[in-house]
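Report on the structure
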Amino acid sequence: MTERSQRFSLAGKVVLVTGASSGIGAHLARVAAASGARVVVGARRIERLGQLADEIHAQGGEALPVALDVTDRASVEAAFDTAQTCFGVVDVVLNNAGIGNGQRALEVSEDDWRSMLATNLDGVWRVAQCAAQRLVAAGRPGSIVNIASMLGIRVGAGYSHYCTAKAGVVQLTKALALELARRGIRVNAIAPGYFITEMTDGYFDSEHGRQYIQDAIPMRRLGELSELDGPFLLLASDAGSFMTGSVLAVDGGHLVNGL
Ligand code: NAI
């Protein structure tokens, strides 16, 4: 490995991934492990995490499944406690857990609104704060990578609650970056465009979905999960050592689509 590519390595780091039981979280947990990290995979569906950890072990990596509900402070603290006991202080967090059910603005109920904000915004804040408190207490640097969305920057019909939560993630990323820079903790976000996961599955198989891809995405295709690897490793590793408060769009040009 050259000195330059060494900077993208996560060897020696403990990485905690939230919402690791499927989609982007499961994928990037594998990437982190393959890049040398000891990976703590957290989600509510613990049986799926066991399979993921087995797969990572079979590839020669290290992974620890932990039960984690980002809406519950006690659960988050317990996951960090377990991570710390087994692997040491968490150096890198991938704040990925999220929900994404669409609903027209006129129909969103109080419960739906609260649940969206509780997971997609409060959960990201809670995990980031918990990680940062522990890094500061240990006197260690760290990196927090939040998964926002292009819907945190622009808007889409049927997603008023999701757009609002993700816009909050974008602002939270910048506000935390400002306060934590002097502690050596970097906070950045990735704003993905559309990728096929359990969250988006179905829609893009429909005629409407296929037409949408042609009309709205300048690259005229969806993203491949592997296209998130570079942006994630850049922000998580020492390769991004002078980056904080940034929001990287990974969207096939969707956000720069002409108006
Ligand atoms: P996904 O549904 O496969 O993954 C979301 C994960 O979060 C699931 O494993 C789910 O169980 C977990 N989760 C939900 N609530 C949780 C809670 N309270 N505690 C712990 N875990 C919880 O979907 P995907 O696409 O992988 O989503 C990952 C992130 O990427 C989400 O934040 C989503 O908003 C974001 N995103 C996804 C895009 C896409 O096109 N797939 C586009 C833009 C953003």
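Quick caveat: nothing in here was measured; it's all calculated off a predicted structure.

Rules behind the numbers
Counting restarts for each chain: residues are numbered from 1 in the order of the written sequence. Side-chain atom pairs in this predicted model are given and counted only at pLDDT of 80 or more, local residue features only at pLDDT of at least 70, and totals for whole chains, interfaces and linings cover all residues. Remark: hydrogens and water are excluded; side-chain values derive from all non-hydrogen atoms of the structure. Note on definitions. A residue lies near a molecule or strand when any single heavy atom of the residue is within 4 Å of it. For the purposes of these results, a polar contact is taken to be a pair of N or O atoms within 3.5 Å, where, inside protein, one atom must be able to donate a hydrogen and its partner to accept one; residues adjacent in sequence count only when each atom of the pair is a side-chain atom. Calculation of accessible area relied on Shrake-Rupley with a 1.4 Å probe; when residues are assessed, cover is drawn exclusively from the protein chains displayed. The definitions used throughout rest on a 1 Å grid laid over the protein atoms alone, on which a cavity is an enclosed set of points accommodating a 1.4 Å probe that cannot get out and a pocket is an open set flanked by protein within 12 Å on both sides along at least five of seven lines; lining residues are those having an atom within 4 Å of a point. To decide whether a molecule occupies a pocket or cavity, check its atoms: if more than half lie within 2 Å of the grid points, it is inside. In this text, helices come from DSSP runs of H or I with a minimum length of four residues, and strands from runs of E with a minimum of two, each type numbered from the N-terminal end. Grid points are joined across faces, edges and corners, and a volume is the space filled by probe spheres set on the points. Just so you know the grouping, Ala, Val, Leu, Ile, Met, Phe, Trp, Tyr, Cys and Pro go in nonpolar, Asp, Glu, Lys and Arg go in charged, and all remaining residues, Gly too, go in polar. When DSSP finds at least two bridges between two strands, those strands are taken to pair. Looking down the strands as they point away from the viewer, one classifies a crossover as right-handed if the path from the first strand across the helix to the second runs clockwise. Only one rule defines a salt bridge in this text: a Lys or Arg side-chain nitrogen within 4 Å of an Asp or Glu carboxyl oxygen. Working definition: with a 1.4 Å probe on protein chains only, accessible area under 20% of the residue-type maximum means buried, over 50% means exposed, and in between means partly exposed. The criterion is simple. A nonpolar core is a set of buried Ala, Val, Leu, Ile, Met, Phe, Trp, Tyr and Cys residues joined through side-chain atoms within 4.5 Å. Should any heavy atoms of two residues lie within 4.5 Å, those residues are counted as being in contact.

**Regarding the site of the ligand**
Not every one of the 29 residues close to the ligand is listed here, only the nearest: Ser21, Ser22, Ile24, Tyr162 and Thr197. Gly19 places a polar main-chain atom, nitrogen or oxygen, 3.5 Å from an oxygen atom of the ligand. One nitrogen or oxygen atom from the side chain of Arg44 is found 3.2 Å from a nitrogen atom belonging to the ligand. Protein chains shield 96% of the accessible area of the ligand, which is 820 Å² for the free molecule. With respect to the pocket detection grid, the ligand is positioned in the largest pocket. Those elements giving two or more residues to the shell around the ligand turn out to be α2 (23-34) and α6 (160-180).

**Focus: the layout of surface pockets**
Estimates place the volume of the largest pocket at around 1,300 Å³. Together, 47 residues line the largest pocket, and Ile99, Gly100, Tyr162, Met199 and Thr200 are the ones closest to its centre. Contributions of two or more residues to the lining of the largest pocket are made by α2, α6 and α7 (207-216). Looking at which element gives the most residues to the lining of the largest pocket, the answer is α2, with three residues. Lining the second largest pocket are 14 residues, and of these Lys13, Pro141, Gly142, Ser143 and Asp238 lie nearest its centre. For the lining of the second largest pocket, the residue count by class is three nonpolar, six polar and five charged.

**Here we look at the pairing of strand β3 (residues 62-67)**
A regular strand places its side chains so that they alternate between the two faces of the sheet. The sheet contact formed by strand β2 (residues 38-43) and β3 spans six bridges and is parallel. Bridge pairing in β3 links Arg38 to Glu62. Taken together, β2, helix α3 (residues 46-58) and β3 form a β-α-β motif whose crossover is right-handed.

**Details of the pattern of salt bridges**
Under the definition given, this model contains eleven salt bridges. In this structure, the salt-bridge partner of Asp122 is Arg114, at a minimum N-O distance of 3.8 Å. A relative accessible area of 44% places Arg114 in the partly exposed class. Connected through salt bridges with shared partners, the residues Arg73, Glu77, Asp81 and Arg134 form a single ionic network.

**Considering the nonpolar core**
In terms of nonpolar packing, the biggest core is built from 41 residues, with Val40, Phe80, Val90, Val93 and Ile144 touching the most fellow members. Broken down by secondary-structure element, the contributors of at least two residues to this core are β1 (14-18), β3, α4 (73-86), α5 (110-138), α6 and β6 (185-192). In terms of residues, this core owes the most to one element, α5, which gives ten residues. Setting aside anything within four residues of it in sequence, one finds Val90 in contact with Val14, Leu16, Phe80, Ala83 and Leu135. Judged by nonpolar contacts, the second largest core, of 32 residues, contains Leu28, Ala32, Ala63 and Leu228.

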